[in-house]
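In case you want the letters, here they are:
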Amino acid sequence: MDVRKNYLNGQWIGANAGDEVITVVNPATGEALAQVATVSREQVKRAIDDAHAAFTSWRALPAKARADYLLAIGDQLNKRGDEIARLITQENGKPLAQSRGEVTMSVDHLRWFGEECRRAYGRVVPNQVPGKRNLVIKQPVGVVAAIAPWNFPLVLSVRKIAPALAAGCPTILKPASQTPLCNLAFAECCEAAKLPKGVLQVVNGSASMIAEEFLNNTLVKKITFTGSTEVGQKLIAGAARDVKKLSLELGGHAPVIVFDDAALNRAVEGVMLAKFRNTGQSCIAANRVYVQAGIHDRFVAAFVEKAKQLKTGNGLEGEQDVGAMVNEKGLTFALDQIEDARRRGAKVLCGGKRMNRPGFFLEPTVIIDVPPDASCMNEETFAPVAPITKFEREEDAIAAANSTRYGLSAYAFTTDLDRMFRVAERLEFGMIGINDGVPTTSNAPFGGMKHSGWGRELGIEGLDAFMETKHVSIGVIE
C-alpha cells in the first residue's frame, strides 16, 4: 500500500524508513483504505518557519490577487469534485450525495471569501480634535494553524483556510487522522492553482505533538479549531501562555422545538434533515426533540414512518440516506445511549440496533418518552438517534432547550410570527433555524455561545477573525 505524502512548503514529503504512518480505515467496510506519512516535530517547526517566510509577500499582494488564487483553487476543486467526493465517502462513511454537497459548499466558501477579501474595509472616524485625522485599518494576524475534524473533513478545513488566506495569513492545516485524504487532495488543488509555496501546508501526525508546537511556537499568531469542548479547553489553557488568538467551534447539543402551530410536513422534513444528515455526526445535528402535546402524536407517527424509509448502507453503493459511523467507538457510545434511555423508561419505536453487516452501521433510531436525565438528553449524540419528548407550554420548552452548557445551534418550527421572533431571541444559541433544518450558508456567521466556542466562522465575521484592527491617529503637521 502506497504511503501518501504531506504537503510542506510547496513539496510533497513522504515518510522515512521506520517512521510511523496513519492507516485510514473505510468505516463502511472496516478495511484499510490508505496510509499517510506522519511529520516529526522538527518538520512542524520548519513548516511554521516557511509559513512565516511566506507571510511578507502573501500579505503584500493586493486583495484582488489573493482573490484570484482563491477562485482558482475553487475551480480546481470543482473540476475534481466527483473524485474528491468519493474520497470523502470512503474515509468518512457518509453517502456520496452528501459528500458531493460538501465539495459544493467548500467551493462556495472559497468563492465567497475570494470575493469578500476585496472588502476588508477600514474606516475614517470623525475627529474630535481640530486638525487630527483618525483612521482604522485592517491587517492580517500572521501565521495561522488550523486543526480540522473528521465529520465534515473538507468543508470544515476550507472554512478555516479560505478566510485566513483571504486575509493574507499563510496557513498550516492539521487534518483529522481519520480523514486526511480529501485534505491532501485539496492541497493538490492549491498546487494546481499555483498558490505560492508556504502559503498552505498540510501536516499529518500526532495531534498532541502538533498542537503543542502550534501553541508554543511564537511565530504562530492564531489557532483555529473545530472539535470537542474538552480539547478546546486545553487549547485555551495552552494559548494563555503566549496570549495566542483562538477561534474555537466546539461541541453542540442542539434542541429542536416543534410547536402545535407548526406545519406538520415541513416540521417532519426539517427535523429529519437536522437529525439524520451526515449520519447524525454533526455538531449542529438535532440532539433533543421537544414536541408540543397537541401535535406530538401526529408528529411522532409521521417522523417514525420517514425514519423507517431511510436507506442505510455503504455510501458508494446506490442512493443512501444514512452512511456508516466513523468508527467502533462512536457506534458503541450511541448504543450505550440508546440502552440508557430504554432503562430509564423510554420507548424505542424504530432502529436501536447495530446492523448485521461489515462496517460501523447503526439503524436510524427514534426514541420517545425520553426522561430529562437520560444520557442522550445531556451528552452530545454523534449518531442517527432521535430522542423525542413531549411538552405543554412554550416557556417549558425554552427552559429545557437552554438547560445545557452548550450553545451552538437550535431549531424551532412554528407558523406564529410573534413566536418566531420571541423564541429566536430567548434561545441561548449562536445559530437558530426557524422552519429550517440546514441553517449554514457561506455569507452568514457560524459559531456558538457558552461552551460551544469562541468567535465566528463564515460571513464577514469569518474574514475579520483573521485580521487585526489598528487605529492610526494623525496629528497636525506644521
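Residues numbered from 1 in each chain as written. Predicted model: local features only at pLDDT ≥ 70, side-chain atom pairs only at ≥ 80, totals over all residues. Heavy atoms only, no water.

A. The arrangement of the overall build of the protein in detail. Within the protein one finds 14 helices and 23 strands. Within the span of the protein, comprising 478 residues, buried residues form 55% of the whole. Of the roughly 19,600 Å² of accessible surface on the protein, 50% is carried by carbon and sulfur atoms. Across the protein, the 56 positively charged side chains and the 54 negatively charged ones have centroids separated by 4 Å. (Helix = DSSP H or I, 4+ residues; strand = E, 2+ residues; numbered from the N terminus. Buried < 20%, exposed > 50% of the residue type's maximum accessible area, 1.4 Å probe, protein only. Areas by Shrake-Rupley, 256 points an atom, 1.4 Å probe, with all protein chains shown as cover. Lys, Arg positive; Asp, Glu negative; His and termini not counted. Charge placed at Lys NZ, Arg CZ, Asp CG, Glu CD.)

B. Quick look at unusual backbone geometry. In this structure, Asn9 is a non-glycine residue whose phi angle is positive, near 50 degrees. With a phi angle near 50 degrees, Val243 is a residue other than glycine that sits in the positive phi range. Tracing the backbone shows Val243 in the loop between α8 (229-240) and β12 (245-249). Note on Val243: relative accessible area 69%, which makes it exposed.

C. Representation of the pairing of strand β14 (residues 286-292) in the model. Along β14, 7 of the 7 residues are buried, which leaves the element largely enclosed by surrounding structure. Taken together, the 5 bridges between strand β13 (residues 254-258) and β14 define a ladder with parallel strand orientation. For Val256, the partnering residue across the bridge sits in β14 and is Val289. Once you follow β13 into helix α9 (residues 264-276) and on to β14, the crossover reads as right-handed. (Pairing = 2+ DSSP bridges. Right-handed = clockwise from strand over helix to strand, strands pointing away.)

D. Expanded view of the side chain of Lys94. On the secondary structure map, Lys94 appears in the loop between α3 (81-92) and α4 (96-116). Given a relative accessible area of 1%, Lys94 falls into the buried group. A distance of 3.0 Å separates a polar side-chain atom of Lys94 from the backbone oxygen of Asn151. In this structure, Lys94 is in contact with Ile88, Thr89, Ser99, Glu102, Asn151, Phe152, Pro153, Asn278 and Gly315, ignoring residues within four places of it in sequence. (Polar contact = N/O pair within 3.5 Å; in protein donor to acceptor, adjacent residues only side chain to side chain. Contact = heavy atoms within 4.5 Å.)

E. Molecular detail of the nonpolar core. Counting residues in each nonpolar core, the largest one holds 87 residues, and the members touching the most others are Val258, Phe299 and Phe303. With 8 residues, the single largest contributor to this core is helix α6 (residues 181-192). With residues up to four places along the chain from it excluded, the contact list for Val258 reads Ala267, Val271, Tyr290, Val291, Gln292, Ile295, Phe299, Phe391 and Phe413. Ala334, Ile338, Ala341 and Ala401 belong to the second-largest nonpolar core, a separate cluster that totals 28 residues. (Core = buried A, V, L, I, M, F, W, Y, C linked by side-chain atoms within 4.5 Å.)

F. Local environment of the packing of α3 against α4. Contact geometry for α3 and α4: axes closest at 8 Å, N-to-C directions at 120 degrees. In terms of their interaxial angle, α3 and α4 are classed as oblique. Handedness of the α3/α4 crossing: right-handed. Facing α3, whose interface residues are Gly81, Asp82, Ile84, Ala85, Arg86, Ile88 and Thr89, α4 presents Leu96, Ser99, Arg100, Glu102 and Val103. (Axes fitted to C-alpha atoms, helices over the stretch in contact; angles between N-to-C directions. Parallel < 35°, antiparallel > 145°, perpendicular 65-115°, else oblique. Left-handed = near helix turned anticlockwise from the far one by under 90°.)

G. Layout of the sheet that holds strand β23 (residues 467-474). Pairing is antiparallel across the open sheet formed by 3 strands, whose spatial order is β6-β7-β23. Bordering the open sheet on either side are β6 (123-125) and β23, each of which pairs with just one other strand. On average, each strand axis in the sheet is tilted by 25 degrees relative to the strand beside it, whichever way the strands run. Relative to strand β7 (residues 133-140), β6 runs antiparallel, the two sharing 3 bridges. Counterpart to Val125 in the pairing with β7 is Asn134.

H. Focus on helix α7 (residues 207-216). Every buried residue belonging to α7 is among Met209, Ile210, Ala211, Glu213, Phe214 and Leu215, and all of these are buried. Summarising the contacts, the buried residues of α7 are in contact with α1 (41-60), β8 (143-147), β9 (171-174), β11 (220-226) and α8.

I. Expanded view of α1. With 20 residues, α1 extends 29 Å from end C-alpha to end C-alpha; this agrees with the ideal 28 Å at 1.5 Å per step. At Ala54, α1 shows its strongest bend, of approximately 35 degrees. Taken together, the buried positions of α1 are Gln43, Val44, Ala47, Ile48, Ala51, Ala54, Phe55 and Trp58. (Expected span 1.5 Å × (residues − 1). Bend = angle between axes of the 7 residues up to and from the residue.)

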